[in-house]
Amino acid sequence: MFFEMLDFRAKKKNIEFILDKENELLTDVNADKEKIEQVLTNLIENSIKYGKENGTTEIVVQNLNENKIIVRVTDNGVGFEKENYNRIFERFFRVDKSGNRSSGGSGLGLSIVKHIIDAHDEKIYVESELGIGSEFSFTLEKFE
């Protein structure tokens, strides 16, 4: 499973990696599997990269309603200010303005995430608080 490599990265920072599927939710969704894996990889990698030592990264999959599920990636990392919510998905935008590439990336990960979710005609949401952590969530349509 592709979570194993991400779990390995999390362990390097002693971040607890939690995968919670609501009541062993087993449902098919209308989605491109590889693209959604890329979304999850980007969100989880960010969570680990900006996560606190000895912190947590939690992935929760839940029923949202009869037609949709919601996937949440939550951490207790550095977070960011609300003023960045509108820009966080822009290409090359980075909250960390230090220019230190060793801790940050290219600024493309979240724009790729947004592009993939938009291509699925779905929504992505973000909530974050500086110093507290972040939650990124997205919806997917159930396959009927």
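Treat the numbers as computed from the prediction; the structure is a model and nothing was measured.

(A) A look at helix 2 (residues 33-49). The terminal C-alpha atoms of helix 2, which comprises 17 residues, lie 24 Å apart, in line with the 24 Å expected from a rise of 1.5 Å per residue. Residues of helix 2 that are buried: Ile36, Val39, Leu40, Thr41, Asn42, Leu43, Ile44, Ser47 and Ile48. With a side-chain oxygen lying 3.1 Å from the backbone nitrogen of Glu34, the N-terminal cap of helix 2 falls on Asp32.

(B) How the structure looks around the nonpolar core. Within the largest apolar cluster, 30 residues are counted, with the highest numbers of intra-cluster contacts made by Leu40, Leu43, Ile44 and Phe138. For this core, the secondary structure elements donating two or more residues are helix 1 (3-12), helix 2, strand 2 (56-63), strand 3 (68-75), helix 3 (109-119), strand 4 (124-129) and strand 5 (133-141). A per-element tally of this core places helix 2 first, with six residues. Contacts of Ile44, omitting those with residues within four sequence positions, involve Phe3, Leu6, Phe17, Thr57, Ile59 and Val73.

(C) Fine view of the pairing of strand 5. Within strand 5, seven of the nine residues are buried, leaving the element largely enclosed by the surrounding structure. The pairing of strand 3 with strand 5 spans seven bridges and is antiparallel. By the bridge assignment for strand 5, Lys68 is matched with Glu141. Bridge analysis of strand 4 against strand 5 gives six bridges, and the strand direction is antiparallel.

(D) Layout of a negative patch on the surface. The grouping of Glu66, Asp121, Glu141 and Glu144 at the surface amounts to a negative patch. When you line up the elements, Asp121 lands in the loop between helix 3 and strand 4. A residue is classified by how much of its surface remains accessible, and Asp121, at 69% relative accessible area, is exposed.

(E) Helix 1, seen in detail. Among the residues of helix 1, Phe3, Leu6 and Ala10 are the ones counted as buried. Viewed end-on, helix 1 has its buried residues packed into an arc of 65°, placing them on one side of the element. Exposed residues lying more than 90 degrees from the buried face of helix 1 are Glu4, Lys11 and Lys12.

(F) Geometry of the packing of aromatic side chains. Applying the stated criterion across every chain, the model contains three aromatic pairs. Measuring from centroid to centroid gives 5.8 Å for Phe80 and Tyr85, while their planes differ by 75°, and the two rings are edge-to-face. The exposure class assigned to Phe80 is buried, which follows from its relative accessible area of 6%. Residues Phe89 and Phe136 carry aromatic rings whose centres are separated by 6.2 Å and whose planes lie at 85° to one another, so their mutual orientation is edge-to-face. Here Phe89, found in the loop between strand 3 and helix 3, pairs with Phe136, found in strand 5; they are 47 residues apart in sequence, far enough to count as distant. For the pair Phe89 and Phe136, a shared accessibility class is recorded, and that class is buried. In textbook terms, an aromatic cluster arises when at least three aromatic residues are bridged by ring pairs, as seen for Phe80, Tyr85, Phe89 and Phe136.

The rules behind each value
- Residues numbered from 1 in each chain as written.
- Predicted model: local features only at pLDDT ≥ 70, side-chain atom pairs only at ≥ 80, totals over all residues.
- Heavy atoms only, no water.
- Helix = DSSP H or I, 4+ residues; strand = E, 2+ residues; numbered from the N terminus.
- Expected span 1.5 Å × (residues − 1).
- Buried < 20%, exposed > 50% of the residue type's maximum accessible area, 1.4 Å probe, protein only.
- Polar contact = N/O pair within 3.5 Å; in protein donor to acceptor, adjacent residues only side chain to side chain.
- Core = buried A, V, L, I, M, F, W, Y, C linked by side-chain atoms within 4.5 Å.
- Contact = heavy atoms within 4.5 Å.
- Pairing = 2+ DSSP bridges.
- Patch = residues over 30% accessible without salt bridge, like charges linked within 9 Å, V, L, I, M, F, W, Y side chains within 5 Å.
- Areas by Shrake-Rupley, 256 points an atom, 1.4 Å probe, with all protein chains shown as cover.
- Salt bridge = Lys/Arg side-chain N within 4 Å of Asp/Glu carboxyl O.
- Lys, Arg positive; Asp, Glu negative; His and termini not counted.
- Charge placed at Lys NZ, Arg CZ, Asp CG, Glu CD.
- Arc of directions from axis to C-beta.
- Phe/Tyr/Trp six-rings, centres within 6.5 Å; stacked < 30°, edge-to-face > 60°.

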